[in-house]
Amino acid sequence: MQLYNLDHLRDLEAESIYIIRETAAQFERPALLFSGGKDSIVMSHMARKAFYPAKIPFPCVHIDTGHNFPETIEYRDMWMKEIGANLIVGHVQDSIDTGRVKEEKGPNASRNALQTVTLLDTIAANKFDACMGGARRDEEKARAKERIFSHRDEFGQWDPKNQRPELWMLLNGKKSVGENFRVFPISNWTEMDVWMYIVAENIPIPSIYFSHQREVIDRDGMMLATSDFIIPGPNEMPRKEIVRYRTVGDMTCTGAVFSTASTLQEVIDEISASRTTERGTRSDDKRSEAAMEDRKKAGYF
């Protein structure tokens, strides 16, 4: 049984395509941030539709932590070829090697926070003046404060108290030299909208979004995949479980959920009954009450 409303999805799509086209029109060097997750996949799919039959007129940018799920990197390369997009990759390892950031130590070490510096350096090196991201207002409270055209100062930092009003979808991209914007074309979407759109548009997604067997450890109630980047503690015995992922990120901080959902309809059914958000599986958001907002103020997308 179909649970999605096509008119609703087409309204959301039309709004998002309008935002993508406005970004291309108002800025000189825009880019689309691509993580290999469902939100950035949907956004890149709409970018292709927005300019078809011409090619997407801006590059996709992936900030590679070096601790990615192999399935994500495999999908990224396949999808970029499929949509004919130019891919630019910024590597966190390069930031570490050049002394721009210092790698965390200890059992809970993660490179997720280090992405900010790599992102800002990639923006500066390519002179991007607008970067489109797949953030949605239903996934994390700091992201609910964002405008669609979210201004960043010359240091790439975000001031949530100094943002411009957006009335009747009038988007203001005026900026001074050195400043840039984050743009959020799917701000008004929900996680359910994204999944329903994937079904409606028959968009392929990475296999880790579906149920599979994986070796994991239980770290404070979070199922983390075993890898070369995670050192199990004395009470963290690896075991095989049937799991899937609701969100895609760094392997060191992205938890799996127990699930037998192996089709898109089963994923939708599971999410509709869930009482936890997808960001609830991200340990980096739990480091402090304002973890996401602090990262965003420093330049995180």
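Data block above holds the structure.
This is a predicted model, so every value here is computed, not measured.

Digging into the sheet that holds strand β2 (residues 60-64)
Phase 1 of the analysis: Spatial strand order, β3-β2-β1-β4-β6-β5: six strands in an open sheet with mixed pairing. Lying at the two open borders of the sheet, with one neighbouring strand each, are β3 (87-91) and β5 (149-152). Each adjacent strand pair in this sheet contributes to an overall mean axis angle of 30°, direction not counted.
Phase 2 of the analysis: Where strand β1 (residues 30-33) lies against β2, two bridges are found, and the strand directions are parallel. Each residue of the ladder has a partner; that of L32, found in β2, is C60.
Phase 3 of the analysis: In the packing of helix α1 (residues 6-26) onto the sheet, contacts are made with β1, β4 (130-132), β5 and β6 (180-183), and the angle to β5 comes to roughly 40°.
Phase 4 of the analysis: Where helix α2 (residues 38-51) meets the sheet, it contacts β1 and β4, and its direction lies at approximately 140° from that of β1.

Here we look at the side chain of T118
Phase 1 of the analysis: In this fold, T118 is placed in helix α5 (residues 115-126).
Phase 2 of the analysis: The exposure class assigned to T118 is buried, which follows from its relative accessible area of 2%.
Phase 3 of the analysis: Setting aside its immediate chain neighbours within four residues, T118 contacts I63, G90, H91, V92 and S95.

Brief notes about the pairing of β6
Successive side chains on a regular strand alternate, one facing one side of the sheet and the next facing the other.
Phase 1 of the analysis: The two faces of β6 match: N180 and R182 on one face and F181 and V183 on the other face are all buried.
Phase 2 of the analysis: Across three bridges, β4 lies against β6 in parallel orientation. Bridge pairing in β6 links C131 to R182.

With respect to the packing of aromatic side chains
Within a pair of aromatic rings, the relevant descriptors are the distance that separates the centres and the angle that separates the planes.
Phase 1 of the analysis: Inspection of the entire model under this criterion finds eight aromatic pairs.
Phase 2 of the analysis: For the pair F27 and F181, a centre-to-centre distance of 5.4 Å together with 55° between the ring planes defines the contact as tilted. With F27 in the loop between α1 and β1 and F181 in strand β6, this pair connects stretches of sequence that are 154 residues apart. In terms of burial, F27 and F181 fall into one category: buried.
Phase 3 of the analysis: Geometrically, the ring pair formed by F51 and F58 is edge-to-face, given 5.9 Å between the ring centres and 85° between the ring planes.
Phase 4 of the analysis: Looking at F58, the relative accessible area reads 2%, which means it is buried.

Calculation notes
Residues numbered from 1 in each chain as written. Predicted model: local features only at pLDDT ≥ 70, side-chain atom pairs only at ≥ 80, totals over all residues. Heavy atoms only, no water. Pairing = 2+ DSSP bridges. Helix = DSSP H or I, 4+ residues; strand = E, 2+ residues; numbered from the N terminus. Axes fitted to C-alpha atoms, helices over the stretch in contact; angles between N-to-C directions. Contact = heavy atoms within 4.5 Å. Buried < 20%, exposed > 50% of the residue type's maximum accessible area, 1.4 Å probe, protein only. Phe/Tyr/Trp six-rings, centres within 6.5 Å; stacked < 30°, edge-to-face > 60°.

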